[in-house]
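# A structural walkthrough
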Amino acid sequence: MSLERVLFAFVIVLALTLNVGFILGEIDNPAHHDAVELFLAIVVSLVATVMKFGDRSPLGSTMLATSLVADVQLLGAAVVWGVVLASDATLAGKHMSTIVSLAAGAMVANVVSVVLLVIETANQRR
């Protein structure tokens with residue numbers, strides 16, 4: 001067992017679970033979605049992206065692409081949240097729906113990344 005591979009898989013799965021944790025709840029209810037959880041999802045997603053730059057596996061480029069998509073979606077959600085708060089507007093349901101929808105797109109990319117990780121692991125020969 002390689003500690004590097006364990007850490008790699010841990011970060012990828014953690015990125016997915018933090019993302020899922022953020023989007024759970026009523027899509028338009030700001031009380032169901034925490035800014036700290038979105039921040040943590042972004043940080044872990046960026047760490048996963050950096051770790052994927054070193055992956056030289058056959059699926060590595062696809063995994064990197066999925067991670068970049070997740071980063072763009074999560075950063076987009078954070079930008080929307082920040083713009084709404086900077087404009088002194090109340091975080092209404094329509095704003096939160098946009099934020100959660102972007103985070104849900106990132107979740108789809110993270111699911112694809114985890115599936116690719118499982119496929120790569122299953123195809124490794126000892």
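Our subject in this report is the structure included herewith. Bear in mind the structure is a predicted one, so any value in this text is a computation, not a measurement.

From N to C terminus, the chain includes four helices and zero strands. Its helices and strands in sequence order give the chain the pattern α-α-α-α, from N to C terminus. Projecting the C-alpha coordinates of the chain onto the three principal axes gives extents of approximately 55 × 25 × 20 Å. Counting all 126 residues of the chain, 36% fall into the buried class. Partitioning the contacts of the chain with sequence separation of at least 6, the portion at a separation of at least 24 is 70%.

With that out of the way, let us pick up the layout of surface pockets. Any empty space left between the atoms is revealed when a probe the size of a water molecule rolls over them. There is about 220 Å³ of room inside the largest pocket. As for the largest pocket, its lining consists of 10 residues, and the residues nearest its centre are Ser 2, Arg 5, Val 6, Thr 121 and Gln 124. Secondary structure elements with two or more residues in the lining of the largest pocket: α1 (3-23) and α4 (93-123). For the lining of the largest pocket, the class distribution of residues is five nonpolar, three polar and two charged.

Moving on to the pattern of salt bridges. Summed over the entire model, instances satisfying the criterion amount to one salt bridge. A salt bridge links Glu 120 to Arg 5, with the nearest nitrogen and oxygen atoms 3.2 Å apart. Of this pair, Glu 120 sits in helix α4 while Arg 5 sits in helix α1, and the two are 115 residues apart along the sequence. Arg 5 gets classed as partly exposed once you look at its relative accessible area, which sits at 28%.

What counts and what doesn't
- Residues numbered from 1 in each chain as written.
- Predicted model: local features only at pLDDT ≥ 70, side-chain atom pairs only at ≥ 80, totals over all residues.
- Heavy atoms only, no water.
- Helix = DSSP H or I, 4+ residues; strand = E, 2+ residues; numbered from the N terminus.
- Buried < 20%, exposed > 50% of the residue type's maximum accessible area, 1.4 Å probe, protein only.
- Contact = heavy atoms within 4.5 Å.
- 1 Å grid on protein atoms, 1.4 Å probe; cavity = no way out; pocket = protein on both sides within 12 Å on 5 of 7 lines; lining within 4 Å.
- Points joined across faces, edges and corners; volume = space filled by probe spheres on them.
- Nonpolar A, V, L, I, M, F, W, Y, C, P; charged D, E, K, R; others polar.
- Salt bridge = Lys/Arg side-chain N within 4 Å of Asp/Glu carboxyl O.

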